[in-house]
Protein chains: 2
Amino acid sequence: MTEQTASWRVNFRQTASYQIRKAPDIFHPNNRALSSPGRKFGDRRFVVVDQTVFNTHSDEIRTYFTSNGMDAKIVTIPGGEENKSVDNYLTILYELDNFPIHRRDEPIIAIGGGVVTDLVGFAASSYRRGIPHINVPTTLMGYIDASIGIKTGVNFNFQKNRLGAFSPPLQVFLDRAFLKTLPRRHILNGVCEMIKLGLIKDRGLFNLLEHSGEACIHSKFQDETGEKILDRSIYGMLDEIQPNLFEENLARKVDFGHTFSYGLETIPDGDLLHGEAVLLDIAFSISIAHKRGLLTGAEIERILHLIDQLGLPLDHRGIDARRLWKSLEERTYHRNGLQRVPLPAGIGECIFVNDIAKDEIQAAVNQLEEWTVVKHAEIR
Amino acid sequence: MTEQTASWRVNFRQTASYQIRKAPDIFHPNNRALSSPGRKFGDRRFVVVDQTVFNTHSDEIRTYFTSNGMDAKIVTIPGGEENKSVDNYLTILYELDNFPIHRRDEPIIAIGGGVVTDLVGFAASSYRRGIPHINVPTTLMGYIDASIGIKTGVNFNFQKNRLGAFSPPLQVFLDRAFLKTLPRRHILNGVCEMIKLGLIKDRGLFNLLEHSGEACIHSKFQDETGEKILDRSIYGMLDEIQPNLFEENLARKVDFGHTFSYGLETIPDGDLLHGEAVLLDIAFSISIAHKRGLLTGAEIERILHLIDQLGLPLDHRGIDARRLWKSLEERTYHRNGLQRVPLPAGIGECIFVNDIAKDEIQAAVNQLEEWTVVKHAEIR
């Protein structure tokens, strides 16, 4: 760089890393996980907790910080997609700003599902242009997906995650015990993301779900196979996102199930969970893949059988092809002008396509109708 | 990274660079500066323009995009610190979201002073977790300071720049002609940042301001020496921030003049410009530096003479030591628990101190009172 010139160039490089670590019994006063990152004397912690989690764990949480000599300000936020709002983002920031903390060595802590960790991550990324944050996922979706990556965000203008930041956490602490009290519907919600991973990149995970999925759902992943499946899901997710954390490459395998689902999650008064919308997207996508000769009839049978066996919900009422097409159009803007839709090519592999047509989507909607009619007929 | 483990580590590295380039006659239809970054066919541009700039240049701006075959959506934002608000940040995002653009190759364009480039930069950093943006500064403060770095932000909870992001621009285009129509007060506003740079790191710039500052202010930096001083200021700023873009090191020379000024800019109903607050901070700081033996009496004379000669405003009415102390306390949180206040040690050098006491600030306030009384007496 020189002084007198017609132009200057500023170069920069940022390197960093973060750790995802198992920390069972996380609120035990002697567990150093939550108290060790950051400064040690006279320190303060700003903690945002999912309302439902706090209802169950408030005493433990308060005792943990008190007995570790920390002045903790605890704020609760209700879970649920409708609470992932700009209003809650600003509420967190007001509370934080009125409880001053040091900019670098008093990390803020998020304890909850994806809604809470996404909200807190975005708030942390924008407070004083970025302060450190720690994630403690309490849902299955958070444990294997939302809390372990660097994507944060809030819904805006009726669009999911329209605002947000790539904001790596300082650390992620995993305590599987939170899953014990999770309602069955929220366990299944996370299982849908496991099926996604199995289908597009890990045939072994798919096999595991076929053999042990039912038992794991029953034990809420507290048994040994449950831990194995959790670990394999985390590994698969990190293996996929680590080389492409900032999405320089917009063709992402983990976007399987995240093309048509996008528009399904923002249906007014709809109440699909994220994983439920992803599963519907998977159903439409495998139908398209089948018609294109990417999946055999036997593979389709296997996938539908797994969905049925695990009791996963495929409720397609109120979904028409027009809505799915609009969602694809939106994702095409997001993927910079190309569809880049991942489709499975056999179980455990995938390819990307850019030419899905309206009538293929209509056919997929009709196909899902047939599949579920057959299923309902069988049940009767 | 392995599958079965008690912890995983995610490593990442981001490299990038951006260019700051002179682009005179920027709205001439044949000037490719604004039209060249991004895609070439059927492209769209979202453009945010300072209201005052748009009042003068609306025809040129519209014609520029039309004649370059671009569908431009133009949004105007009034300048002034009170408009650097969360409301305007969200307004920009609503307008942007309702004018869809590709995520990667249709950069949004900010044309204005620091308020507009800071607002747009923060909006760009958070829309879809980051889209590219281009800065075109139209004020002297923007030209040599606000638009050329990577700091973006908005005011929040009565605190300046409390929310924001480190968000490198895709490019910065400089057209010195904008300064021609700038009111004298806004020219002086930028000159205060030049004095800051001269004092803490560039004695040559300080000398240039002594010899040619008056003439440059008169010509609004349109003459040859004006260009030399502008270039030297940009070079000095970039030289300082490039190795520390993300502020890993919180002891920053460019924070000279930005410790006590912070609280002065948020006085209710106050109307100090940023540079005016910085100049007051400089006055307090050199007084403290003088008392600590870091500046000689002759150096103080030289600095005060330059301020006087250039007609820079030192209006300290309504400022008491308590407010300055509170501002220092706030900046201490921002600088992670240490004051890290830069003080000049001779003209063109600086050191950092962490032990400024309340009574030193009171003495500095009294000293400024004396200096300005002497000045007023001399004028009479």
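Values in this document were obtained by computation on a predicted structure and should not be read as measured data.

This brings us to the overall build of chain A. Helices and strands together make up the secondary structure of chain A, namely 12 helices and 10 strands. Its C-alpha atoms give chain A a radius of gyration of 22 Å, near enough to 21 Å, the size a compact globule of 380 residues would have. Taken along the three principal axes of its C-alpha coordinates, chain A extends 65 × 65 × 35 Å. Evaluated residue by residue, chain A yields a buried proportion of 61% over its 380 residues. Within chain A, contacts between residues at least 6 apart in sequence are counted, and of these 78% link residues at least 24 apart. Surface accessibility of chain A: about 14700 Å² in total, with carbon and sulfur atoms responsible for 49%. Counting 44 positive and 49 negative side-chain charges, chain A places the centres of these two groups 5 Å from one another.

Glancing now at the state of the cysteines. Evaluation of the coordinates by the stated rule reveals 0 disulfides over all chains. A disulfide-free cysteine, Cys350 of chain A has its sulfur positioned 18 Å from the sulfur of Cys192 of chain A, the nearest such atom.

All names here are of chain A. The geometry of helix H6 (residues 203-219) relative to helix H10 (residues 297-309) is characterised by a closest axis approach of 10 Å and an angle of 30 degrees between their N-to-C directions. In terms of axis orientation, H6 runs roughly parallel to H10. As H6 packs across H10, the resulting crossing turns out to be left-handed. Taken together, the residues of H10 that come into contact with H6 (itself represented by Phe206, Asn207, Leu209, Glu210 and Glu214) are Arg302, Ile303, Leu306 and Gln309.

Residue and element names in this part refer to chain A. With respect to burial, strand E2 (residues 44-50) is a largely interior element, 6 of its 7 residues being buried. Handedness of the E2-helix H1 (residues 51-67)-strand E3 (residues 71-77) crossover: right-handed. Pairing analysis gives 3 bridges linking E2 to strand E4 (residues 108-112), with the strands arranged parallel. Each bridged residue has a counterpart across the sheet, and for Val47 the counterpart in E4 is Ile109.

Our next topic: the relation of the copies chain A and chain B. When chain A is brought onto chain B, the operation consists of a screw motion whose angular component is 180 degrees and whose axial shift is 0.0 Å, with 0.0 Å RMSD remaining. The two molecules are tied by a two-fold rotation axis, judged by turn and shift. Distance from the rotation axis, computed per C-alpha, reaches its smallest value in chain A at Gln14 of chain A: 2.6 Å. Both copies share a contact surface, since 100% of the interface residues of chain A are interface residues in chain B too.

Turning our attention to the packing of aromatic side chains. In the structure shown here, the tally under the stated rule is 14 aromatic pairs over all chains. With a centroid separation of 4.5 Å and 45 degrees between ring planes, the pair formed by Phe156 of chain A and Tyr94 of chain B is classed as tilted. Linking Phe156 of chain A in strand E6 (residues 151-156) with Tyr94 of chain B in helix H2 (residues 86-97), this pair reaches from one chain into another. A connected cluster of aromatic rings, assembled from ring pairs, spans Phe12 of chain A together with Phe166 and Phe246 of chain B. The cationic tip of Arg44 of chain B hangs over the ring face of Phe99 of chain B; the distance from NZ or CZ to the ring centre is 4.1 Å. Above the plane of the ring of Tyr262 of chain B lies Arg331 of chain B, whose end atom (NZ or CZ) is 3.6 Å from the centre.

Let's shift gears to the environment of Ala123 of chain A. Residue and element names in this part refer to chain A. Relative to the elements of secondary structure, Ala123 occurs in helix H3 (residues 114-126). Along the primary structure Ala123 and Thr152 are separated by 29 residues, whereas in three dimensions their C-alpha atoms are 8.8 Å apart. In this view, Ala123 contacts Tyr89, Ile92 and Leu93; residues no more than four positions away in its chain are not counted.

Taken together, the 73 residues of chain A in the interface contact 73 residues of chain B. Between chain A and chain B, a total of about 7600 Å² is buried, with carbon and sulfur atoms accounting for 55% of that surface. Summed over the three residues of chain A that lose the most area to chain B, namely Trp8, Phe12 and Arg129 of chain A, the buried surface amounts to 13% of that side. Run the count over chain A and chain B and you get 6 salt bridges. Here Glu247 of chain B makes a salt bridge to Arg103 of chain A, at a shortest N to O gap of 2.8 Å. Where chain A touches chain B, the interface holds 45 residue pairs in polar contact (both at pLDDT 80 or more). Of the residues forming the side of chain A that touches chain B, the biggest block, 16 residues, is contributed by strand E1 (residues 7-22) of chain A. Considering only residue class, the side of chain A that touches chain B consists of 30 nonpolar, 22 polar and 21 charged. Of the pairings in the sheet, the one linking E1 of chain A to strand E1 (residues 7-22) of chain B comprises 15 bridges and is antiparallel in character.

Quick look at the pattern of salt bridges now. Across all of its chains, the model carries 54 salt bridges over all chains by this definition. Between Lys201 of chain B and Asp239 of chain B there is a salt bridge; the shortest N-O distance is 2.7 Å. Separated by 38 residues along the polypeptide, Lys201 of chain B in helix H5 (residues 184-201) and Asp239 of chain B in helix H7 (residues 224-241) bring together distant segments of the chain. Among the charged side chains, a salt-bridge network with shared partners connects Arg103 of chain A together with Lys151, Glu247, Arg252, Asp255 and Arg335 of chain B.

A word on the packing of H6 of chain A against helix H7 (residues 224-241) of chain A. Residues and elements named next belong to chain A. Running from N to C, H6 and H7 cross one another at 140 degrees; their axes reach a closest spacing of 10 Å. Along this stretch, H6 crosses H7, giving a crossing that reads as left-handed. Across from Gly204, Leu205, Leu208, Leu209, Ser212 and Cys216 in H6, the residues of H7 making contact are Thr225, Gly226, Ile229, Arg232 and Ser233. Among the residues forming the contact of H6 with H7, the class breakdown is 5 nonpolar, 5 polar and 1 charged.

Right, let's talk about the environment of Asn336 of chain A for a bit. Here Asn336 of chain A is to be found in the loop between helix H11 (321-334) and strand E9 (341-344). Taking the relative accessible area as the measure of exposure, Asn336 of chain A reaches 15% and is therefore buried. Those residues in contact with Asn336 of chain A that lie beyond four places of it in its chain are Leu250 of chain A together with His102, Arg103, Arg104 and Asp105 of chain B. Within the structure, Asn336 of chain A has its side chain in polar contact with the backbone nitrogen of Arg103 of chain B (distance 3.4 Å).

In this section: the confidence of the model for chain A. Confidence in the prediction for chain A averages 94 pLDDT; 96% of positions are at 70 or higher. Interface confidence for the predicted complex, expressed as ipTM, amounts to 0.94; the pTM equals 0.95.

Another point: the pairing of strand E10 (residues 350-353) of chain B. Residue and element names in this part refer to chain B. Sheet analysis places strand E9 (residues 341-344) next to E10, joined by 4 bridges and oriented antiparallel. Each residue of the ladder has a partner; that of Leu343, found in E10, is Ile351. The turn joining E9 and E10, which pair antiparallel and follow one another in sequence, is formed by 5 residues; a positive phi near 80 degrees is taken by Gly346.

Let us now look at the sheet that holds strand E2 (residues 44-50) of chain B. Strand order in the open sheet formed by 12 strands is E3(A)-E2(A)-E4(A)-E5(A)-E8(A)-E1(A)-E1(B)-E8(B)-E5(B)-E4(B)-E2(B)-E3(B), and the pairing between neighbours is mixed. Both outer strands of the open sheet, E3 of chain A together with strand E3 (71-77) of chain B, are each paired with one neighbouring strand and no more. On average, each strand axis in the sheet is inclined to that of its neighbour by 20 degrees, with strand direction left out of account. By the bridge criterion, 4 bridges tie E1 of chain A to strand E8 (residues 171-174) of chain A in an arrangement that is parallel. By the bridge assignment for E8 of chain A, Arg21 of chain A is matched with Phe173 of chain A. Across the sheet, H1 of chain A is in contact with E2, E3 and E4 of chain A; its angle to E2 of chain A comes to roughly 155 degrees.

Calculation rules
Residues numbered from 1 in each chain as written. Chains lettered and ligands numbered in written order. Predicted model: local features only at pLDDT ≥ 70, side-chain atom pairs only at ≥ 80, totals over all residues. Heavy atoms only, no water. Helix = DSSP H or I, 4+ residues; strand = E, 2+ residues; numbered from the N terminus. Rg over C-alpha atoms; globule rule 2.2 N^0.38 Å. Buried < 20%, exposed > 50% of the residue type's maximum accessible area, 1.4 Å probe, protein only. Contact = heavy atoms within 4.5 Å. Areas by Shrake-Rupley, 256 points an atom, 1.4 Å probe, with all protein chains shown as cover. Lys, Arg positive; Asp, Glu negative; His and termini not counted. Charge placed at Lys NZ, Arg CZ, Asp CG, Glu CD. Disulfide = S-S within 2.5 Å. Axes fitted to C-alpha atoms, helices over the stretch in contact; angles between N-to-C directions. Parallel < 35°, antiparallel > 145°, perpendicular 65-115°, else oblique. Left-handed = near helix turned anticlockwise from the far one by under 90°. Right-handed = clockwise from strand over helix to strand, strands pointing away. Pairing = 2+ DSSP bridges. Least-squares fit on C-alpha atoms with pLDDT ≥ 70 in both. Phe/Tyr/Trp six-rings, centres within 6.5 Å; stacked < 30°, edge-to-face > 60°. Lys NZ or Arg CZ within 6 Å of the ring centre and 35° of its normal. Buried area = accessible area lost by both parts, 1.4 Å probe. Salt bridge = Lys/Arg side-chain N within 4 Å of Asp/Glu carboxyl O. Polar contact = N/O pair within 3.5 Å; in protein donor to acceptor, adjacent residues only side chain to side chain. Nonpolar A, V, L, I, M, F, W, Y, C, P; charged D, E, K, R; others polar. pLDDT = per-residue confidence, 0-100.

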